[in-house]
Amino acid sequence: MEAFASYHGALSVLAATGLMMFVQVLVADVAGMRAGHQPGHPVAADRASFHFRATRALANTNESVALFLCLAVAGVLLGADSGKLNAGAYVYLAGRLGHMAMYYADIAVARSIAFAVALLGVAVMAWAVLPVMF
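Residues numbered from 1 in each chain as written. Predicted model: local features only at pLDDT ≥ 70, side-chain atom pairs only at ≥ 80, totals over all residues. Heavy atoms only, no water.

1. Notes on the overall build of the chain
Next up, step 1: Counting secondary structure elements, the chain contains four helices and zero strands.
Next up, step 2: With the C-alpha coordinates of the chain rotated into their principal frame, the extents come out at 50 × 30 × 20 Å.
Next up, step 3: Each of the 134 residues in the chain was classed as buried or not, and the buried ones make up 35%.
Next up, step 4: For the chain, restricting intrachain contacts to residue pairs at least 6 apart in sequence, the fraction spanning at least 24 positions comes to 75%.
Next up, step 5: Accessible surface, the chain: about 7400 Å² in total, of which carbon and sulfur atoms supply 72%.
Next up, step 6: In the chain, 7 positive and 6 negative side-chain charges are present, and the distance between their average locations comes to 8 Å. (Helix = DSSP H or I, 4+ residues; strand = E, 2+ residues; numbered from the N terminus. Buried < 20%, exposed > 50% of the residue type's maximum accessible area, 1.4 Å probe, protein only. Contact = heavy atoms within 4.5 Å. Areas by Shrake-Rupley, 256 points an atom, 1.4 Å probe, with all protein chains shown as cover. Lys, Arg positive; Asp, Glu negative; His and termini not counted. Charge placed at Lys NZ, Arg CZ, Asp CG, Glu CD.)

Below you can see the structure in the form of structure tokens.
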């Protein structure tokens, strides 16, 4: 386990991302039940609906989590710069949490800024991984 000690930040963010996604699933499911949504049917595209926003927040996380996961796992296994990898992971998580909160609150501009923050975090992670890929 000592080999992974310097990547504690990135690995902790990996776990925190899983917990965040679990919360998003619960929130979307409860919102769907409260809205009387029939499972298996499309969610109406209505930004005024919290159920729609909760479902979109989860979907957007699902769209970006594979990129984060690939870079985090590859970075740890390839021995990327742990400082950069950890910093990028923390920025990613902050951006994703902000995006989720702003989607729930229906604050579009702040949601877009939070998305950009998460993207910046992934870019820092890629910056850490690229030098050790070849």
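Now that the structure has been shown, the text picks up again.
2. As for the nonpolar core
Next up, step 1: Counting residues in each nonpolar core, the largest one holds 26 residues, and the members touching the most others are Phe68, Leu85, Ala89, Tyr92 and Met125.
Next up, step 2: For this core, the secondary structure elements donating two or more residues are helix 1 (8-34), helix 2 (50-78), helix 3 (82-105) and helix 4 (108-133).
Next up, step 3: For phenylalanine 68, the contacting residues outside a window of four places in its chain are Ala10, Val13, Leu14, Thr17, Ala89, Tyr92 and Met125. (Core = buried A, V, L, I, M, F, W, Y, C linked by side-chain atoms within 4.5 Å.)

3. A closer look at the packing of helix 1 against helix 3
Next up, step 1: Running from N to C, helix 1 and helix 3 point in directions that differ by 15 degrees, and their axes come no closer than 8 Å. The angle between the axes of helix 1 and helix 3 places the two elements in the roughly parallel class. As helix 1 packs across helix 3, the resulting crossing turns out to be left-handed. Between helix 1 and helix 3, the residues in contact are His8, Gly9, Ala10, Val13, Ala16, Thr17, Met20, Gln24 and Val27 and Leu85, Asn86, Ala89, Tyr90, Tyr92, Leu93, Arg96, Leu97, Met100 and Tyr104, respectively. (Axes fitted to C-alpha atoms, helices over the stretch in contact; angles between N-to-C directions. Parallel < 35°, antiparallel > 145°, perpendicular 65-115°, else oblique. Left-handed = near helix turned anticlockwise from the far one by under 90°.)

4. What about the pattern of salt bridges?
Next up, step 1: Evaluated as defined, the whole model comprises one salt bridge.
Next up, step 2: In this structure, arginine 56 engages glutamate 63 in a salt bridge whose closest nitrogen and oxygen atoms are separated by 3.9 Å. (Salt bridge = Lys/Arg side-chain N within 4 Å of Asp/Glu carboxyl O.)

5. Observations regarding unusual backbone geometry
Apart from glycine, the bulk of residues carry a negative phi angle, and the bulk of peptide bonds sit in the trans form.
Next up, step 1: Even without being a glycine, aspartate 106 presents a positive backbone phi close to 60 degrees.
Next up, step 2: Looking at the secondary structure, you find aspartate 106 in the loop between helix 3 and helix 4.
Next up, step 3: Relative accessible area serves as the criterion here: at 36%, aspartate 106 is assigned to the partly exposed category.

6. Thoughts on helix 1
Residue pairs three or four apart in sequence face the same way in an α-helix, which turns once every 3.6 residues.
Next up, step 1: If you check helix 1, its first and last C-alpha atoms are 39 Å apart, about what 27 residues at 1.5 Å a residue would give, namely 39 Å.
Next up, step 2: All of the buried residues in helix 1 are Gly9, Ala10, Val13, Thr17, Met20, Met21, Gln24, Ala28, Ala31 and Gly32.
Next up, step 3: In this fold, the buried residues of helix 1 make contact with helix 2 and helix 3.
Next up, step 4: Two residues or fewer past helix 1, glycine 36 is found with a positive phi of approximately 75 degrees. (Expected span 1.5 Å × (residues − 1).)

7. A look at the environment of serine 49
Next up, step 1: Summarising the element assignment, serine 49 is placed in the loop between helix 1 and helix 2.
Next up, step 2: You can call serine 49 partly exposed: its relative accessible area is 22%.
Next up, step 3: Sequence separation of serine 49 and aspartate 106 is 57 residues, and the distance between their C-alpha atoms is 9.5 Å.
Next up, step 4: There is a polar contact of 3.3 Å between the side chain of serine 49 and the backbone nitrogen of histidine 51. (Polar contact = N/O pair within 3.5 Å; in protein donor to acceptor, adjacent residues only side chain to side chain.)

Worth remembering: the numbers are spatial, not functional.
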